[in-house]
Each structure stands twice: as structure tokens, then as C-alpha cells.
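These are the residues of each chain, in order.
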Amino acid sequence: MGFERVVMMSFTLDEIKPFFLEPKLEDRKIASILEKIKVMYTIDRKGLPSKKWTRTEVSAYSAFYLTTNAAKLTWLFDQLSEELKEELRHCDIIDFGTGPGTYLLAFLRYFEGEVAGDLMGVDKEELMLEQAQKLTRGLYPKASLEFFQHIPPPHNDQKKRLLIFGNSLNEL
């Protein structure tokens, strides 16, 4: 379970680009936007709470985080026992601050679309949720993924729930 598996389980830019809000976005433009996003998240954070994303920025953000989060989740899950992975596959999962759904989509990729729990993403940004839905429809059209602007009520009180704060704890 080495580097080759992590690369194999990741998404490629060519695979996900058709499902961006702006699918014709050039690689050069994606890199330029990502540089601005990097500065916003690491150096000049004062504009973050009021940030209004554009369709182009959301597409570039998705290009970076979907590819990298899938690799991170693959590496992490490969460290777990088979029993724990099977238990996680059956949990309801809520991803707070889901953005374009990168961790939920990575979870689906890891389990090859075969999950038994409900997958839900919560984010306040409408464009991020629109992007999450478009990526989901394109990559996993049969998946049961739901996206909300508010915390959803439980579907089944008997199932275990896993809460993910993949890219959002630093924003709280």
C-alpha cells in the first residue's frame, strides 16, 4: 500500500474538469487563481469571513482540493484495519464545510462507490454546493449524496454518524 496506490485512487484534472462550474478553465488560469487562494488562506486572512466565491474560483479550488484530498484520504484509510474501514463504510457521514464535496467524493472513490451510509455535505456557500452537486452527478451519478446549507436532520437514528471537518476546522 504505497505511493502508487495513493496516486491510483486520486482524481486527475482531466477526469474532473468536465464537471467544473467552468469546465473550459485553462490550466494556467487554474494555477493563477490557486496562487491567490493560497495567499488568502495563509497570508491575508482578513477577507475570508466575507469572501464571495466566483464560479471560476470554485472550479480552481475544486481542481486543487479534490485531487489532493483524495490522496490524503486514501493514505489515511490505508492505515486503518479492514474492520474499521468496513464500519466506516456503513456510517452516515456529514462533512461540515464540505466546499465542493471533496472529502465525500474521495470517500466514494476509496470505496469504489459502494457505501452503505448516507453521505451529506454542509456548506454556507451556494456556489460550493452547486459545484459539489455537479461533480457528484458527473463522477458518481448513482451515489446517494446530499448537500445542504444547514445541518440536516438524522435519516436513521440507529446508524453511527461520522462527522468530518476536513478543510473547515481552521475556519471556525
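The structure presented is a predicted model; accordingly, all values stated were derived computationally and were not measured.

Some remarks on the confidence of the model for the chain
Within the chain, residue pLDDT values average 87, and 88% of them lie at 70 or more. When mean pLDDT is taken per element in the chain, helix 7 (residues 126–139) scores highest with 97 and helix 1 (residues 3–9) scores lowest with 52.

Some thoughts on the packing of helix 4 (residues 55–78) against helix 7
The interhelical angle for the contact between helix 4 and helix 7, taken along N-to-C directions, is 55 degrees, at an axis separation of 10 Å. Relative to helix 7, the element helix 4 lies oblique. Handedness of the crossing formed by helix 4 with helix 7: right-handed. Contacts between helix 4 and helix 7 involve R55, V58, S59, Y61, S62 and L66 from the first element and L127, M128, E130, Q131, L135 and L139 from the second. Grouping the amino acids of the contact of helix 4 with helix 7 by side-chain chemistry returns seven nonpolar, three polar and two charged.

As for the packing of helix 4 against helix 6 (residues 102–110)
Their axes nearest at 8 Å, the elements helix 4 and helix 6 cross at an angle of 50 degrees. Judged by the angle between their axes, helix 4 and helix 6 are oblique. When you trace helix 4 past helix 6, the crossing you get is right-handed. The residues of helix 6 that touch helix 4, namely those facing Y65, L66, N69, A70, K72, L73, T74, F77 and D78, are T102, Y103, L105, A106, F107 and Y110. Broken down by class, the residue content of the contact of helix 4 with helix 6 amounts to ten nonpolar, three polar and two charged.

Focus: the pairing of strand 3 (residues 145–148)
Taking every second residue as pointing to the same face, the buried face of strand 3 carries L145 and F147, while none of E146 and F148 on the other face is buried. Of the pairings in the sheet, the one linking strand 2 (residues 119–122) to strand 3 comprises four bridges and is parallel in character. The partner of M120 across the bridge, within strand 3, is E146. Remark: the strand 2/helix 7/strand 3 crossover connection has right-handed handedness.

Thoughts on the environment of D123
Along the polypeptide, D123 turns up in the loop between strand 2 and helix 7. Between the C-alpha atoms of D123 and T98, which are 25 residues apart in sequence, the distance is 5.6 Å. For D123, the side chain forms a polar contact with the main-chain nitrogen of G99, separated by 2.7 Å. A distance of 2.9 Å separates the side chain of D123 from the backbone nitrogen of E125, its partner in a polar contact.

Focus on the pairing of strand 2
Of the two faces of strand 2, both are covered, the one formed by L119 and G121 as well as the one formed by M120 and V122. For strand 1 (residues 92–96) and strand 2, the ladder comprises four bridges, and the chain directions are parallel. When the sheet's bridge partners are listed, I93 is paired in strand 2 with L119. You can see the chain leave strand 1, run along helix 6 and come back into strand 2, and the turn it takes is right-handed.

Regarding the environment of K38
With respect to the helices, strands and loops of the structure, K38 is situated in helix 3 (residues 27–42). Classification of K38 by relative accessible area gives partly exposed; the value is 43%. In terms of polar contacts, K38 uses its side chain to reach the side chain of E35, at 3.2 Å.

A look at the pattern of salt bridges
In total, this model carries nine salt bridges according to the counting rule given. The partner of E22 in a salt bridge is R55, and the shortest N-O contact between them spans 3.7 Å. Pair noted here: E22 is in the loop between helix 2 (13–16) and helix 3 and R55 is in helix 4, with a separation of 33 residues, a long-range link. Between K38 and E35 there is a salt bridge, and its shortest N-O distance comes to 3.2 Å. Here K38 pairs with E35, and both are found in helix 3, just three residues apart, close to one helical turn. What you see here is one network of salt bridges that share partners, running through E22, R55 and E130.

What counts and what doesn't
Residues numbered from 1 in each chain as written. Predicted model: local features only at pLDDT ≥ 70, side-chain atom pairs only at ≥ 80, totals over all residues. Heavy atoms only, no water. pLDDT = per-residue confidence, 0-100. Helix = DSSP H or I, 4+ residues; strand = E, 2+ residues; numbered from the N terminus. Axes fitted to C-alpha atoms, helices over the stretch in contact; angles between N-to-C directions. Parallel < 35°, antiparallel > 145°, perpendicular 65-115°, else oblique. Left-handed = near helix turned anticlockwise from the far one by under 90°. Contact = heavy atoms within 4.5 Å. Nonpolar A, V, L, I, M, F, W, Y, C, P; charged D, E, K, R; others polar. Buried < 20%, exposed > 50% of the residue type's maximum accessible area, 1.4 Å probe, protein only. Pairing = 2+ DSSP bridges. Right-handed = clockwise from strand over helix to strand, strands pointing away. Polar contact = N/O pair within 3.5 Å; in protein donor to acceptor, adjacent residues only side chain to side chain. Salt bridge = Lys/Arg side-chain N within 4 Å of Asp/Glu carboxyl O.

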